[in-house]
Amino acid sequence: MTLEVKNLFCERDERVLFSSFALKIDTAEVVQIIGQNGSGKTTLLRILCGLSDAYTGDLLWKGQALEEVRDDYYQSMLYVGHLAGVKASLTPEENLQWMSQLDKSLNKCTIMQALKQVGLYGFEDVPCHSLSAGQQRRVGLARLYLSNAPLWILDEPFTALDKKGVSEKEALIAAHVHAGGSVILTTHHDLSIPNKTIRPVNLDEVAIR
Amino acid sequence: MNFFMSALKRDLLLVFRHRNDIINPLAFFLMVAVLFPLGVSPDPTFLSEVAPGVIWVAALLACLLSVDGIFRTDYEDGSLEQMLVSSESLYLVVLAKVLTHWLVSGFCLAIISPLVAMMFFLPEQGYFSLVVSLLLGTPTLSLMGAIGAALTVALRKGGVLISLLVLPLYIPVLIFGAGTVQAGAMGLGIQGYLALLAAILVLSLMLAPFAISAALKISVRS
């Protein structure tokens, strides 16, 4: 399982974000994209997810052009973006039911167990708009417990989470990588994953300004 | 099929939690029907003559008003991105969304249309043709409106643009829809009109979801 991007060029509002940028993500790797605000972290993740066409370059999944193996790629990839796709008027349980349908997750654990894991037990039937920002974030992240996709792409997963929440997610990432999965994430948080080195990719160094 | 049902269930649940979305098109439809005779003429012969056209135009505009929001919240909270990066088919998600929109707009309009027809002194023999033409015509309006909604979802103010894009596509449905009611009210055969409305519906049902999916991809990825 490798995701590879070669010769990436991307500009936004007449500013070059990447030029001849290359990145390869192998099995059991944690890649942390770092860079200042506006350096193109989210843009890069969206390109990797196939959610942006505003680039030139090659995107390869298992050595094949991503465009041709999109279905296979989307089955093995889980993306939690800035906006996690949590519907404010649905309850956490209803949100997760829909997301697990989209992910085709094969009941690694039940939705109630996932909610318990993220500390939302007892809130499963409260509409998400009356939850706090951190709790809403937790609803989006509960998918990580449900999904069996080997590749996770996470955009600022720790925003609004408390310290305990962050260390739980770090442990989850560690377990995922230990089981052979890979994670690409952006965060300004000092990430510490037990028994695993994190490969940093600094966008401030690759950009031409 | 299972996936389609759960997509439909989610959309209906969302509509149920925002009941305004159901009431708005219906209220608009009823308001036009109530105000038109007051503004123009309460004369029964005049009203029964213009009834098919006015009721159909009111129904069309009620659909157009509500179609703008069909993908809006999904775009704003990131749900649409999740649908695009899913290996499940976008076609079914889109179909469920359009069906939900039709159920809360066109279907409800068709159900209350006899009431409006009564206000317009439409001859009783025209009621059946009114309901059937709305039931066959409004799904097409939802499908075509959704193409416009998908194209403009990323724009902050898509409202006017949507009308410009979609209204030309609505015209055939309006002509045949109002024609059905006119023929029905005069006691003529309506099978020809209904066959045309059904043909337009089948064509748009086959092709529109592809156009909507492609338009959503363009809107999100650009």
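The model shown is predicted, which means the values in this text are computed figures rather than measured ones. (Residues numbered from 1 in each chain as written. Chains lettered and ligands numbered in written order. Predicted model: local features only at pLDDT ≥ 70, side-chain atom pairs only at ≥ 80, totals over all residues. Heavy atoms only, no water.)

Some remarks on the sheet that holds strand β2 (residues 15-25) of chain A
Residues and elements named next belong to chain A.
And step 1. Spatially, four strands are ordered β2-β1-β4-β5 in an open sheet, and the strand pairing comes out antiparallel. Each edge of the open sheet carries a strand with a single partner, namely β2 and β5 (64-65).
And step 2. Judged from the two bridges that link them, strand β4 (residues 56-61) and β5 form a sheet pairing that is antiparallel. Counted as the bridge partner of W61 is Q64 from β5.
And step 3. Together, β1 (3-12), β2 and β4 form the strand contacts of helix α1 (residues 41-48), whose direction differs from that of β1 by roughly 130°. (Pairing = 2+ DSSP bridges. Helix = DSSP H or I, 4+ residues; strand = E, 2+ residues; numbered from the N terminus. Contact = heavy atoms within 4.5 Å. Axes fitted to C-alpha atoms, helices over the stretch in contact; angles between N-to-C directions.)

Points about the interface of chain A and chain B
It is common to report an interface's size as the accessible area lost on association of the parts.
And step 1. If you look at the interface, chain A gives 29 residues, while chain B gives 25 residues.
And step 2. When the buried area of chain A at its contact with chain B is split by residue, K87, W98 and L102 of chain A rank highest and sum to 28% of it.
And step 3. For the pair chain A and chain B, the interface holds four salt bridges.
And step 4. With a shortest N-O distance of 2.8 Å, K87 of chain A and D74 of chain B are connected by a salt bridge.
And step 5. For the pair chain A and chain B, the interface holds 15 residue pairs in polar contact (both at pLDDT 80 or more).
And step 6. Going through the elements one at a time, α2 (70-76), β6 (77-80) and α3 (92-103) of chain A are the ones with two or more residues in the side of chain A that touches chain B.
And step 7. Here the side of chain A that touches chain B is built from residues that sort into 13 nonpolar, eight polar and eight charged. (Buried area = accessible area lost by both parts, 1.4 Å probe. Salt bridge = Lys/Arg side-chain N within 4 Å of Asp/Glu carboxyl O. Polar contact = N/O pair within 3.5 Å; in protein donor to acceptor, adjacent residues only side chain to side chain. Nonpolar A, V, L, I, M, F, W, Y, C, P; charged D, E, K, R; others polar.)

Some details on a nonpolar patch on the surface
All names here are of chain B.
And step 1. Together, L151, L155, V160, L161, L164 and L165 make up a nonpolar patch on the protein surface, roughly 550 Å² of accessible area in all.
And step 2. Ranked by the residues each element gives to the nonpolar patch, the list is headed by helix α8 (residues 159-185), at four residues.
And step 3. Considering the arrangement of structural elements, one finds L161 in helix α8. (Patch = residues over 30% accessible without salt bridge, like charges linked within 9 Å, V, L, I, M, F, W, Y side chains within 5 Å. Areas by Shrake-Rupley, 256 points an atom, 1.4 Å probe, with all protein chains shown as cover.)

So, the confidence of the model for chain B
Residue and element names in this part refer to chain B.
And step 1. Residue-level pLDDT values for chain B average 92, and 100% of them are 70 or greater.
And step 2. Helix α2 (residues 20-39) is the least confidently modelled element of chain B, averaging 89 in pLDDT, while helix α7 (residues 127-152) averages 95, the highest of any element.
And step 3. Two summary scores accompany this predicted model of the complex, namely pTM at 0.91 and ipTM at 0.88. (pLDDT = per-residue confidence, 0-100.)

With respect to the pattern of salt bridges
And step 1. Scanning all chains against the criterion turns up 16 salt bridges over all chains.
And step 2. Of the charged contacts in the structure, one is a salt bridge between R143 of chain A and D103 of chain A, with a shortest N-O distance of 3.0 Å. Of this pair, R143 of chain A sits in helix α6 (residues 143-146) while D103 of chain A is found in helix α3, placing the two residues 40 residues apart along the sequence.
And step 3. Close ionic contact of K97 of chain B with D74 of chain B constitutes a salt bridge, the shortest N to O distance being 2.6 Å. Of this pair, K97 of chain B sits in helix α6 (residues 90-119) while D74 of chain B sits in helix α4 (residues 72-76), and the two are 23 residues apart along the sequence. Each member of the pair, K97 of chain B together with D74 of chain B, is buried.
And step 4. Through salt bridges that share partners, K87 of chain A together with R10, D11, D74, D77 and K97 of chain B make up one connected network. (Buried < 20%, exposed > 50% of the residue type's maximum accessible area, 1.4 Å probe, protein only.)

Digging into unusual backbone geometry
All names here are of chain A.
And step 1. In the Ramachandran plot, E14 falls in the positive-phi region, its phi being about 60° despite a non-glycine side chain.
And step 2. Here E14 is to be found in the loop between β1 and β2.
And step 3. Residue E14 is classed as exposed on the basis of its relative accessible area of 78%.
And step 4. The backbone of E156 sits at a positive phi, close to 50°, despite the residue not being glycine.
And step 5. Summarising the element assignment, E156 is placed in the loop between β7 (151-155) and α7 (163-178).
And step 6. On the basis of relative accessibility, which here comes to 14%, the residue E156 falls in the buried class.

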